[in-house]
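Listed below, chain by chain, are the residues.
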Amino acid sequence: MAEPKTLAEKIISRAAGHEVTAGDLAVVRVGMAMSVDSIAPSVIKIMREELGVPHVADPERVAIFIDHVAPACNVATAEGQAVVRRFVLEEGIRHFYDVGRGICHQVMVEENLARPGEVIVGSDSHSTSYGAIGAFGTGMGATDVAIAFATGRTWLKVPETIRVQLVGDLPRGVMAKDAALWLIGKLGIDGATYKAVEFHGAHRLSLASRLSLCCMTTELGAKAGMVAFPREELEARGLPAWLYPEPSASYEQTVEIRLDELEPQVASPDDVDNVSPVSEVAGTRIDQVFIGTCTNGRLEDLQAAASILRGRRIASHVRLIVIPASGRVLKEAIADGTMLALLEAGATIGTPGCGPCIGRHMGVLAAGEACFSTGNRNFRGRMGSADAAIYLGSPLTAAATAVVGAIADPRSLL
Amino acid sequence: MARVWKFGDDVDTDQIVPGRYAPYMTSEAEFFRYAFIEHRPEFAQNVRPGDIIVAGDNFGCGSSREYAPLALKKLGIAAIIANSFARIFFRNAINLGIPLFEDRAAVSALADGEEVELDVANGLLRTASGQIQLRKPPAFVQEILAAGTIVDYLRRYGRFPGE
């Protein structure tokens, strides 16, 4: 009889067509291979010139997004995007999303391109996000994605799994991002290297919150981060009947997060595991607040920010940049009045996409400046000058920080 | 002789090549000249083909950008020895044919600026104070490195490692 399996083992076994367990090497069918403007030109070149494969194996299982520099900021990026658009036409790729449609990870879920129970490979590290809907999403480099484009397959080592049990409910003023930062602070930025993270008890959170949690497992070094849905809820949620971890599956370790005892958390420069409760860094002066990214640019996040900013003004020395995760999020936030509240508070709005998270455009930092971001990385130099400081936290904490002009506890403004 | 370039823990890919110097932002012909531009500005100018990088835990964490190990390959880095590697960097570097060794004892024995000789095929490191036998990578990694790169491997065998 087969060993009781984790979610990662089950999904990879299905995609491999035979039973595998942690430690095995597996060659798997890729449900969707995803790339983005910043990497796709390299993927195309590797596939055609190095592998010598003229066409993708299956255009229906390829998705490409213009989100990392959208719209283009210089001639080099414009040329790269032109290469991608030509490729998409030549290959008949339908799943192509140009400037303004949004961040790959958000749109992959909005358009049902990442499907439950499948292995999804993306040329972006935060492809772990797809665990929020029950897929095994993993980030890979240009060569691996080129191979997935060319063959429809990839190979991987079946990871061991860390089980994370969420207990209780999030208190007012605390978000899933805070739980993710707390976990990274506890396990460290290599705490899940080569491993999968399985969240138990996260099925009660909204899709936006689950995406935020799974996205951040990349900052633990994880290969994938997945929400375990209760077996009895699978049918009602439209998920495959087999998509549950066996109760007696073998885990590398189990970690408990007491949501009900959690405070807002902040990651201070220059590593994502440099985490403390907001009270320890409150009062740190901030020049720029950025609300957006694949981690925290969804409607729920913008609404959370608006709940603090509505009827208030941001501090006079602060610039507040809001970039919705997708065009759909932008439309919804306009329709429900969220955007107006943010604009009236002093925010400015950018084209849906990655924005300044990678330090390329739309909010690059100068030396000596400090940014409070709802993104996922605060590495030195990531958002601009190597002498700028990046703090990470939730959209609620970001909004409170924009109002005060210094890192602030959102619970004091709710 | 090869120079040892020693780094600490958690060297992220934004340090190896910041996103704004990616080939996408600059060009294929110049991005690698920005390797460690802020973290260690003298590196790209002074590194010689055959030199090796030695680092602590979790080398290459962060973004999936393959141009980080590609920059090191283009600058002629012959091997990287670290306590541990981040997973995407590990895949990318092996795919590009850069030998990686996880060997804590070797890392602690090596100093920045030290001149050594590395026999990559046998994992043998000769230093002024003696020889170090490096821990061999897993068999599937050795198979890829023996072929050259993952692209060379696929073109030669028409199948994935372990298939």
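Residues numbered from 1 in each chain as written. Chains lettered and ligands numbered in written order. Predicted model: local features only at pLDDT ≥ 70, side-chain atom pairs only at ≥ 80, totals over all residues. Heavy atoms only, no water.

Trainee: What is the right way to look at the overall build of chain A in this model?
Mentor: Of regular secondary structure, chain A possesses 13 helices and 18 strands. For 414 residues, the compact-globule formula gives about 22 Å, and the C-alpha radius of gyration of chain A, at 21 Å, lands near that figure. In terms of its C-alpha atoms, chain A occupies a principal-axis envelope of roughly 60 × 50 × 40 Å. The 414 residues of chain A split such that 65% are buried. The contacts in chain A between residues at least 6 apart in sequence include a share of 76% that link residues at least 24 apart. Accessible area of chain A: about 13400 Å², with a carbon and sulfur share of 49%. (Helix = DSSP H or I, 4+ residues; strand = E, 2+ residues; numbered from the N terminus. Rg over C-alpha atoms; globule rule 2.2 N^0.38 Å. Buried < 20%, exposed > 50% of the residue type's maximum accessible area, 1.4 Å probe, protein only. Contact = heavy atoms within 4.5 Å. Areas by Shrake-Rupley, 256 points an atom, 1.4 Å probe, with all protein chains shown as cover.)

Trainee: Sorry if this is basic, but what is going on with the domain arrangement of chain A here?
Mentor: Where the parts come together, the accessible area they lose is often given as the size of the interface. Residue and element names in this part refer to chain A. The domain architecture assigned to chain A consists of domain 1 (7-17 + 25-152), domain 2 (161-261) and domain 3 (265-412). Distance from the C-alpha centre of domain 2 to the C-alpha centre of domain 3: 24 Å. Summed over both partners, the interface of domain 2 with domain 3 buries about 1800 Å², with 64% contributed by carbon and sulfur atoms. For the domain 2 face of the interface with domain 3, the top three residues by lost area are Met175, Lys177 and Leu181, together amounting to 31%. Put simply, domain 2 and domain 3 have 1 salt bridge between them. In this structure, the connection of domain 2 to domain 3 is made through 10 residue pairs in polar contact (both at pLDDT 80 or more). By residue class, the composition of the side of domain 2 that touches domain 3 is 10 nonpolar, 7 polar and 4 charged. (Domains from an automatic or database assignment. Buried area = accessible area lost by both parts, 1.4 Å probe. Salt bridge = Lys/Arg side-chain N within 4 Å of Asp/Glu carboxyl O. Polar contact = N/O pair within 3.5 Å; in protein donor to acceptor, adjacent residues only side chain to side chain. Nonpolar A, V, L, I, M, F, W, Y, C, P; charged D, E, K, R; others polar.)

Trainee: Where do I start with the pattern of salt bridges in this structure?
Mentor: Working definition: two side chains of opposite charge can pair if their charged atoms are close together. Counted under the stated rule, the structure contains 32 salt bridges over all chains. Ionic pairing is found between Asp144(A) and Arg91(B), a salt bridge with its closest N-O pair at 2.8 Å. Of this pair, Asp144(A) sits in helix α5 (residues 142-151) while Arg91(B) sits in helix α4 (residues 87-95), which puts the two residues in different chains. Of the two residues, Asp144(A) and Arg91(B), neither departs from the other in class, the shared state being buried. Of the charged contacts, one joins Arg319(A) and Glu369(A) as a salt bridge, the two residues approaching to 2.8 Å between their closest N and O atoms. Remark: Glu369(A) occurs in the loop between β16 (347-349) and β17 (370-373) and Arg319(A) occurs in strand β15 (residues 319-322); sequence separation between them is 50 residues. Shared partners join several salt bridges into a network, and the residues in it are Arg101(A), Glu110(A), Glu111(A) and Arg328(A).

Trainee: Would you explain the sheet that holds strand β6 (residues 124-127) of chain B in this entry?
Mentor: Strands in a sheet are paired, the pairing made by backbone hydrogen bonds, and the direction either parallel or antiparallel. Residues and elements named next belong to chain B. Sheet architecture is open: 7 strands sit in the order β4-β3-β2-β1-β5-β6-β7, paired in mixed fashion. At either margin of the open sheet sits one strand with a lone partner, and together these are β4 (100-102) and β7 (130-133). Strand-to-strand twist in this sheet, taken as the mean axis angle between neighbours without regard to direction, amounts to 30°. In the sheet, strand β2 (residues 52-55) pairs with strand β3 (residues 79-82) via 4 bridges, with the strands oriented parallel. Opposite Val54, over in β3, you have Ile81 as the bridge partner. (Pairing = 2+ DSSP bridges. Axes fitted to C-alpha atoms, helices over the stretch in contact; angles between N-to-C directions.)

Trainee: Looking at this structure, I do not really get the packing of helix α6 (residues 176-187) of chain A against helix α7 (residues 207-216) of chain A. What am I missing?
Mentor: Packed helices, taken two at a time, are described by the angle between their axes plus the distance between the axes. Residues and elements named next belong to chain A. One can describe the packing of α6 onto α7 by two numbers: an axis separation of 8 Å at closest approach and a directional angle of 20°. The orientation of α6 with respect to α7, classified from their angle, is roughly parallel. The handedness of the crossing between α6 and α7 is right-handed. Contacts between α6 and α7 involve Ala176, Lys177, Ala179, Ala180, Leu181 and Ile184 from the former and Ser209, Ser212, Leu213 and Met216 from the latter. Residues that form the contact of α6 with α7 fall into these classes: 7 nonpolar, 2 polar and 1 charged. (Parallel < 35°, antiparallel > 145°, perpendicular 65-115°, else oblique. Left-handed = near helix turned anticlockwise from the far one by under 90°.)

Trainee: Is there a simple way to think about α6(A) in this case?
Mentor: For an α-helix the count is 3.6 residues per turn, leaving residues at separations of three or four pointing the same way. All names here are of chain A. With 12 residues, α6 should cover 16 Å at 1.5 Å per step; its first-to-last C-alpha distance of 17 Å lies within 8% of that length. By the criterion of burial, α6 is predominantly enclosed, with 9 of the 12 residues buried. Downstream of α6 by a residue or two, Gly188 has a phi angle that is positive, lying close to 90°. (Expected span 1.5 Å × (residues − 1).)

Trainee: What exactly am I supposed to notice about the sheet that holds strand β11 (residues 253-258) of chain A here?
Mentor: All names here are of chain A. Taking strand neighbours across the sheet as the criterion, the 4 strands line up as β10-β9-β8-β11 in an open arrangement whose pairing is parallel. A single partner strand is all that each edge strand has here, and the edge strands are β10 (224-228) and β11. Across the sheet, the axes of successive neighbouring strands diverge by a mean angle of 25°, strand direction being ignored. As paired strands, strand β8 (residues 161-167) and β11 are joined by 6 bridges and run parallel to one another. What sits directly across from Gln165, in β11, is Glu256. Against the sheet, helix α1 (residues 7-16) engages β8, β9 (196-200) and β10, with an angle of about 105° to β10.

Trainee: What exactly am I supposed to notice about unusual backbone geometry here?
Mentor: One can expect most non-glycine residues to show negative phi and most peptide bonds to be in trans. All names here are of chain A. The omega angle of the peptide bond from Ala70 to Pro71 is -5°, so this bond is cis rather than trans. The topology assignment puts Pro71 in the loop between β3 (62-65) and α3 (75-91). In this model, Pro269 is joined to Asp270 through a cis peptide bond whose omega is -5°. Along the chain, the position of Asp270 falls in the loop between β12 (265-267) and β13 (275-277). Of note, Tyr194 is a non-glycine position whose phi angle comes to about 70°, a positive value.

Trainee: Mind showing me how you'd approach the packing of aromatic side chains here?
Mentor: For any pair of aromatic rings, the description rests on two quantities: the centre-to-centre distance and the angle between the ring planes. With the rule as written, the count across this model stands at 16 aromatic pairs over all chains. Residues Phe59(B) and Phe89(B) carry aromatic rings whose centres are separated by 5.2 Å and whose planes lie at 90° to one another, so their mutual orientation is edge-to-face. Pair noted here: Phe59(B) is in the loop between β2 and α3 (67-74) and Phe89(B) is in helix α4, with a separation of 30 residues, a long-range link. Site record: aromatic cluster; members linked through ring pairs are Tyr194(A), Phe59(B), Phe85(B), Phe89(B) and Phe90(B). The lysine or arginine in question, Arg163(A), covers the ring of Tyr251(A), its NZ or CZ lying 5.9 Å from the ring centre. Over the ring of Trp155(A) we find Arg91(B); its NZ or CZ atom is 5.1 Å from the centre of that ring. (Phe/Tyr/Trp six-rings, centres within 6.5 Å; stacked < 30°, edge-to-face > 60°. Lys NZ or Arg CZ within 6 Å of the ring centre and 35° of its normal.)

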